[in-house]
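Structural features, examined
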Amino acid sequence: MKNALIILITLLFVTAASAQVKFGIRGGLSSTELKPSSFRVDDEQGIEAFSIAVKEANYGYHLGVFLQAGNDKFFIQPEILFNSTSTDYSFRESVGSGLETIVNETYQRVDIPVMVGIKFGILRLQGGPVGHFHLDSSSDFNDPTILNLEGYEQNFKTLTYGYQAGVGLDFWKFVIDVKYEGNFSKYGEHFTFFGNDYSFDNRPGRIVGSVGIAF
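In this report, we go over the structure that sits alongside the text. (Residues numbered from 1 in each chain as written. Predicted model: local features only at pLDDT ≥ 70, side-chain atom pairs only at ≥ 80, totals over all residues. Heavy atoms only, no water.)

It is worth spelling out the overall build of the chain at this point. Across its full length, the chain holds one helix and 13 strands. If you list the helices and strands of the chain from N to C, you get α-β-β-β-β-β-β-β-β-β-β-β-β-β. Within the chain, the proportion of its 215 residues that are buried is 43%. Carbon together with sulfur atoms contributes 59% to the accessible area of the chain, which is approximately 11400 Å² in total. (Helix = DSSP H or I, 4+ residues; strand = E, 2+ residues; numbered from the N terminus. Buried < 20%, exposed > 50% of the residue type's maximum accessible area, 1.4 Å probe, protein only. Areas by Shrake-Rupley, 256 points an atom, 1.4 Å probe, with all protein chains shown as cover.)

Structure representation (C-alpha cells):
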C-alpha cells in the first residue's frame, strides 16, 4: 500500500506537468457504517469484568484542500483533509448493577485519499487508496467522573490504510464527490484493557460526501 501511494503521487506530478490543474478547498460530512458488535473484557484474574458494544457511530466532518490534474478523459486527485468523528459505546459491568453506561470517544486525524479515474463530461468515476494519520482523541473511558475504570489504555496506530471509490461532478468552479470508503483495520483496535488488546469484528466503512471550490 505504501508503494501504491508513492506511485500515485509520482504520477500526479508527471501528469500535472502537462495537464490542466485545479486547486481548491473542500469540506463535507461522513457517515460510518458498523454492524452490531461487542466484546467481553476479563480482569487480571481472568474473570469477566464488563462488556463493550458499539451503540452509535455519529456523523463526522472534514475540511481541507484538494488538487485535481488531468485532461478531458483521465485525472488524478489527491486530497489532504482534517477529519473528526465520534462513536458512542454501550458499557455494561458484569458485576454489580450491570446498568448500561453510554461512553463517547472522539477522534481527530488527517486523511489523504489519492483518487484516479475517468471523466465523462462533468461526471467522474474514481477510486484509489487513502491513508489515515491519527492526531488526537478524547475518551470517556479514562474520565473518572463518568467511569470508575482501571486498566484502560489507548493504543492508536499512527498510520492506517483503506480505499475509496465513487463518483464526482465538476461544473464551473465546484467539485462534488460522493465516495464509499473501506478500511483494512478492524474497528476499535486501539482498545487495551489490563494489558490485552481488543477490537470489534468489523472493518468500518464510510459514506463520504464533500463539496469543494477551485481557485
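What follows deals with unusual backbone geometry. The phi dihedral of Trp172 is positive, around 50°, even though this residue is not glycine. Note on placement: Trp172 falls in the loop between strand 9 (159-171) and strand 10 (174-183). Its relative accessible area of 69% is what places Trp172 among the exposed residues. For Phe194, which is not a glycine, the phi torsion comes out positive at approximately 55°. Positionally, Phe194 belongs in the loop between strand 11 (191-193) and strand 12 (196-198).

Further remarks concern the sheet that holds strand 8 (residues 152-154). The strand order 8-11-12 describes an open sheet built from three strands, whose pairing is antiparallel. The sheet terminates laterally at strand 8 and strand 12, the two strands that pair on one side only. Strand after strand, the sheet turns through a mean of 30° between neighbouring axes, direction not considered. Sheet analysis places strand 11 next to strand 12, joined by three bridges and oriented antiparallel. By the bridge assignment for strand 12, Phe191 is matched with Tyr198. (Pairing = 2+ DSSP bridges. Axes fitted to C-alpha atoms, helices over the stretch in contact; angles between N-to-C directions.)

It is worth spelling out the packing of aromatic side chains at this point. Considering all chains together, one arrives at 24 aromatic pairs under this definition. Taking 5.2 Å as the distance between ring centres and 20° as the angle between the ring planes, the aromatic pair formed by Phe39 and Tyr198 counts as stacked. Of this pair, Phe39 sits in strand 2 (residues 38-42) while Tyr198 is found in strand 12, placing the two residues 159 residues apart along the sequence. For the pair shown, Phe39 and Tyr198 are each scored as buried. Considering the side-chain rings of Tyr152 and Phe193, the 5.1 Å spacing of their centres and the 35° angle between planes classify their relative orientation as tilted. Highlighted residues: Tyr152 in strand 8 and Phe193 in strand 11, separated in sequence by 41 residues. (Phe/Tyr/Trp six-rings, centres within 6.5 Å; stacked < 30°, edge-to-face > 60°.)

Worth remembering: the numbers are spatial, not functional.
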